[in-house]
Amino acid sequence: MQSSLRRVFAGTFCIGAAALLIHACSRPSGKASSVLTGDAASKVYVAPGSYDEFYSFLSGGFSGQVAVYGLPSGRLLKVIPVFSQNAENGWGYNEETKPMLQTTFGFIPWDDTHHTELSMTDGVPDGRWLFINGNNTPRIARIDLTRFETDEILQIPNAAGGHASPFTTPDTKYVVSATRFSVPVPNTDVPIESYKQNFKGTLSFIKANVPGKMDIAFQILMPGYNYDLGHAGKGPSDGWFFFTSYNSEQANEKLESNASQNDKDYIAAVNYALAEKCVADGKAKAFPSQYVHNWMDEASRSAKTEMKTSVKMLDPRDCPGMVYYLPTPKSPHGVDIDPTGEYIVAGGKLASVIPVHSFTKMQKAIQNKAFDGELSGIPILKYAEVMAGEVQKPGLGPLHTEFDGKGYAYTSMFISSEVVKWKLGTWEVVDRVPTYYSIGHLMIPGGDSKKPWGKYLVAMNKITKDRYLPTGPEMAQSAQLFDISGDKMKLLLDFPTIGEPHYAQAIPASMIRDKSIKFYELAKSGSPHVTKSEAAGGIRRDGNKVHVNMIAIRSHFAPDNLEGVMVGDTVLFHVTNIEQDWDILHGFAVLGAENSELILNPGETRTLKWVPKTAGVYPFYCTDFCSALHQEMSGYIRVSAPGSSVKLSANTSPKAKAQLTAPAQKGESGR
Ligand code: CUA
């Protein structure tokens, strides 16, 4: 019954050529239920108490976050907040993390994340960091994988839509970001119809190998196309970076048709080793640019913000040999480099073939000056001189390719909604398997690196339709796990994800698991607001700011009775979880707070700002069920009318109280 309904439904769904470009056709096998054999079930079964083989990091798409899933089970392990405020744990709401979301546009509580990228050593993911881009307000974030926390965010100036990002070089010296939307550079008030004259693209190379020190190494000023995706060379092509672009027509309206006119667009091949030399030789111009760098200070675990004011801008005309164009059919999306570093695979989303360029042939063509003219000082290489081969009849709408390290490539086909497996060198299609529905990115652990762990493939689908129980007009997002260890790909599992899973990366769990830290050492805390013991807690007035220093431990806060606060005050609850034990967290929430709760990792200090509006007594409590007496973990703060004579007090131990009320009274006298 269910599968016949699906057939009928999918048939309706596929009618019309226009629909073909908007949605993919599903390819109902009519045997969907029999796919999930006991064999498939046992392959994804991770017994209670056992661990998954891989960590996978899925972009949260328009949730602005990263979600961590175990593979093969598809179990959600954690949501790592990055670009969006996260009320669940106070990210972007508490005072320590708010600066992470600062930009030149002010405080921005949201972004659209697209591509996760693991740091690499010698071209292989190393499990130190995960990078992810903000697409709407171009930014790149670094996540530390000993703590699964965002530690750093760098804004990208002279860009709009940081889509081709944050792909890394094999040594993580750089991550890159290229602009999806060309804009006036610098951005000024010009007619939109002056696009061809005034709009430019930029390719940014960002220093990435020192935590807390990300910065723009240099930018390359490019023609005003739309830059879409990128990947670094490796092995023989190490030192080069490849970026796809579309809209070489430079249309500024109705891009759907106007940017699809040319038979070929371009992959920009950038010799960044040469770019470095040109920068060192003074060929780059200092270009005034405002952008923000935010990082989590390690000692205080409080975020800091700095404003940057200039970048080094390289014009390809001033650094001959730095950029070449590889003509590529047709509005290419992905550009993926095989594990040997020889093949440059493009996904022309409207192309009928998968074109593959050869790095060796590209080098020869450059030597022989086999050019078809130039654009803005960038030589265009002859297509026939650089092409290694074309995969014929792969399906419709090739987007992205990853590799299994055994000589095969796997390409996602959006329109025909399938994964196509083909052989490098012979370009023959050897297998194909439907996805449900409309696959975008696909991911093999390490599948864009020198050494893929080619056991599983995850399809990240754009449309879910009938795959899960209905949940109203919006369905859960859809990812699917395939076994690619044999000749034929096998569907193992559907698992829903949070936000649109644009892209993912995965790494064997053994490379991260044992490095995971269990708590923050209280003795080493450099937080200016830490309270290291119960006796050290208290309350202090500084003008109309009232600082409360409080500890949380099973199963109480200390102090837990506070008086002397007045309407018009701003109360700052600095709460320290003084537990030194793995996974013992506390929370903090106060009645009427307009932001969120705090969630406190063991050994961590976080600050909640609260501006009480009316006199009264307000309870606060622990939000994270921590012990048998969790419900008892609560307290009260009394708020009096302005000018009240109620003495500022906190019921810390009498000794501590004497110490702490002393400076407080000084502050009070200033009122
Ligand atoms: Cu502490 Cu519940």
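Along each chain, numbering runs from 1 in the same order as the chain's sequence is written. Totals for whole chains, interfaces and linings use every residue, but because this is a predicted model, local features are given only for residues with pLDDT of at least 70 and side-chain atom pairs only at 80 or more, for both listing and counting. Hydrogens are left out, water is left out, and the side-chain values use all remaining heavy atoms of the structure.

Caption draft 1: Quick peek at the overall build of the chain. Secondary structure elements are taken from DSSP: a helix is a run of H or I of four residues or more, a strand is a run of E of two residues or more, and numbering for both begins at the N terminus. Each helix and strand counted, the chain has 10 helices and 45 strands in total. Note that the radius of gyration is over C-alpha atoms, with the globule rule given as 2.2 Å times the number of residues to the power 0.38. By the compact-globule yardstick of 26 Å for 671 residues, the chain fits well, its C-alpha radius of gyration being 28 Å. Here the term buried applies to any residue with accessible area under 20% of the maximum for its type, exposed to any over 50%, and partly exposed to those in between, with areas from a 1.4 Å probe on protein chains only. For the chain, with 671 residues in total, the buried portion stands at 59%. Taking the contacts inside the chain whose residues are at least 6 apart along the sequence as the reference set, 63% of them involve residues at least 24 apart. A 1.4 Å probe and the Shrake-Rupley method give the accessible areas. Residues count as covered only by the protein chains that appear here. Accessible surface computed for the chain: about 26400 Å², of which carbon and sulfur atoms make up 54%. In the chain, which carries 66 positive and 68 negative side-chain charges, the distance between the mean positions of the two groups comes to 1 Å. Every residue pair with non-hydrogen atoms within 4.5 Å of one another is taken to be in contact. Only four residue types enter the charge count, namely Lys and Arg as positive and Asp and Glu as negative; His and the chain termini do not. To locate a charge, the coordinates of NZ of Lys, CZ of Arg, CG of Asp or CD of Glu are taken.

Caption draft 2: Looking closely at the state of the cysteines. Here, the term disulfide refers to a pair of cysteine sulfur atoms separated by no more than 2.5 Å. Enumeration according to the criterion identifies one disulfide in this entry. The partner cysteine of Cys278 in its disulfide is Cys319, sulfur to sulfur 2.0 Å. Taking the sign of the S-S torsion, about 80 degrees here, the bridge from Cys278 to Cys319 comes out right-handed. With Cys278 in helix α7 (residues 272-280) and Cys319 in the loop between β18 (302-314) and β19 (323-328), this pair connects stretches of sequence that are 41 residues apart.

Caption draft 3: Region of the structure containing the sheet that holds strand β3 (residues 75-80). An order of β3-β2-β1-β34 is seen for the four strands of this open sheet, with the pairing classed as antiparallel. Edge strands, defined here as strands with exactly one partner in the open sheet, are β3 and β34 (504-508). Along the sheet, successive strands turn relative to each other by an average axial angle of 25 degrees, direction set aside. By definition, two strands form a pair when at least two bridges between them are found by DSSP. Across five bridges, strand β2 (residues 66-71) lies against β3 in antiparallel orientation. Across the sheet, the residue bridging to Val66 is Ile80, located in β3. Each axis is a line fitted through C-alpha atoms, taken for helices only over the stretch in contact, and angles between the N-to-C directions span 0 to 180 degrees.

Caption draft 4: Up close: the pattern of salt bridges. Only one rule defines a salt bridge in this text: a Lys or Arg side-chain nitrogen within 4 Å of an Asp or Glu carboxyl oxygen. In this structure the tally under the stated criterion is 33 salt bridges. With a shortest N-O distance of 3.0 Å, Arg147 and Glu149 are connected by a salt bridge. Like Glu149, Arg147 is buried. Shared partners join several salt bridges into a network, and the residues in it are Asp144, Arg147, Glu149, Asp151, Arg301, Glu604 and Arg606.

Caption draft 5: Representation of the packing of aromatic side chains in the model. Pairs were defined over the aromatic rings of Phe, Tyr and Trp, the Trp ring being its six-membered one, requiring ring centres within 6.5 Å. Orientation was assigned from the angle between planes: stacked under 30 degrees, edge-to-face over 60, tilted for the rest. Per the stated rule, a full pass over the model turns up 33 aromatic pairs. Pairing Tyr225 with Tyr266 gives two aromatic rings, centres 6.2 Å apart and planes at 20 degrees, and the pair type is stacked. One end of the pair, Tyr225, is in the loop between β13 (215-222) and β14 (226-232); the other, Tyr266, is in strand β16 (residues 265-271), with 41 residues separating them in the sequence. Here Tyr225 falls in the buried class, since its relative accessible area comes to 2%.

Caption draft 6: Expanded view of the sheet that holds strand β27 (residues 408-413). Strand order in the open sheet formed by four strands is β26-β27-β28-β29, with antiparallel pairing between adjacent strands. Whereas interior strands pair on both sides, the edge strands pair on one side only; in this sheet they are β26 (398-403) and β29 (429-434). Strand-to-strand twist in this sheet, taken as the mean axis angle between neighbours without regard to direction, amounts to 20 degrees. Bridging between strand β28 (residues 418-423) and β29 involves five bridges; their strand directions are antiparallel. Note that in β29 the partner of Lys421 across the bridge is Asp431.

Caption draft 7: Up close: α7. Every buried residue of α7 is listed here: Tyr272, Ala275, Cys278 and Val279. The buried residues of α7 occupy one face: seen down the axis, they fall within an arc of 105 degrees. Of the exposed residues in α7, those oriented more than 90 degrees away from the buried face are Lys277 and Ala280. Buried residues along α7 sit against β10 (174-178), β12 (199-207), β13, β15 (240-246), β16 and β18. Two N or O atoms form a polar contact when they lie within 3.5 Å of each other; inside protein one atom must be a possible hydrogen donor and the other a possible acceptor, and for residues adjacent in sequence the pair counts only when both atoms belong to side chains. Where α7 starts, the residue carrying a side-chain oxygen 3.3 Å from the main-chain nitrogen of Ala273 turns out to be Asn271. An arc is given here, and it is the one of the directions from the helix axis to the C-beta atoms.

Caption draft 8: Seen up close, the environment of Leu118. Tracing the backbone through its elements, the reader meets Leu118 in strand β6 (residues 113-121). In this structure, the C-alpha to C-alpha distance between Leu118 and Leu145, residues 27 residues apart in sequence, is 9.7 Å. The contact partners of Leu118, leaving out residues within four places of it in the chain, are Phe57, Pro125, Trp129, Leu130, Leu145, Thr168, Gln505, Ala506 and Ile507.

Caption draft 9: Spatial organisation of the side chain of Glu402. Structurally, the position occupied by Glu402 is in strand β26. Despite being buried, Glu402 has no salt bridge partner; Lys234 is the closest side chain of opposite charge, sitting 9.0 Å away. With residues near it in sequence (within four places) discarded, Glu402 still touches Tyr408, Ala409, Tyr410, Leu442, Met443, Ile444, Gly447, Asp448 and Tyr503.

Caption draft 10: Up close: the nonpolar core. The criterion is simple. A nonpolar core is a set of buried Ala, Val, Leu, Ile, Met, Phe, Trp, Tyr and Cys residues joined through side-chain atoms within 4.5 Å. Among the nonpolar cores identified, the biggest contains 44 residues, and Phe57, Leu481 and Phe495 are the most heavily contacted of them. Dropping the residues within four chain positions of it, Leu481 is found in contact with Val44, Leu71, Pro72, Tyr456, Leu457, Val458, Lys490, Leu491, Leu492, Leu493 and Phe495. Ranked by size, the runner-up nonpolar core spans 32 residues in total, among them Ala178, Leu203, Ala217 and Tyr325.

Caption draft 11: Inspection of the pairing of strand β21 (residues 343-348) at higher detail. Burial of β21 is extensive: five of the six residues sit out of reach of the surface. Relative to β21, strand β20 (residues 332-337) is paired through four bridges, and the arrangement is antiparallel. Residue pairing across strands places Asp336 opposite Val345, the latter belonging to β21. Of the strand pairs in this sheet, β21 and strand β22 (residues 354-358) are connected by three bridges, and their pairing is antiparallel. In the strand pairing of β22, Ile344 is matched with His357. Here β21 folds back onto β22 in antiparallel fashion, the turn holding five residues.

Caption draft 12: Molecular detail of the confidence of the model for the chain. Each residue carries a pLDDT score, the predictor's own confidence in it, on a scale running from 0 to 100. Residue-level pLDDT values for the chain average 92, and 92% of them are 70 or greater. Confidence drops under pLDDT 50 across residues 1-34; counting only partners more than four residues distant or on other chains, this segment forms 41 contacts.

Caption draft 13: Region of interest: helix α8 (residues 359-367). Buried residues of α8: Phe359, Met362, Ala365 and Ile366, and no others. Across the axial projection of α8, the buried residues extend over an arc of 115 degrees, all falling on one side. Facing away from the buried side of α8 by over 90 degrees, the exposed positions are Lys364 and Gln367. Capping the start of α8, Ser358 holds a side-chain oxygen 3.3 Å from the backbone nitrogen of Thr360, two or three residues further along.

Caption draft 14: Spotlight on the environment of Asp583. One can find Asp583 in the loop between β39 (570-577) and β40 (586-590). With 18 residues separating them in the primary sequence, Asp583 and Asn601 have C-alpha atoms 7.5 Å apart. Every residue in contact with Asp583, bar those within four places of it in the chain, is listed here: Lys518 and Pro602.

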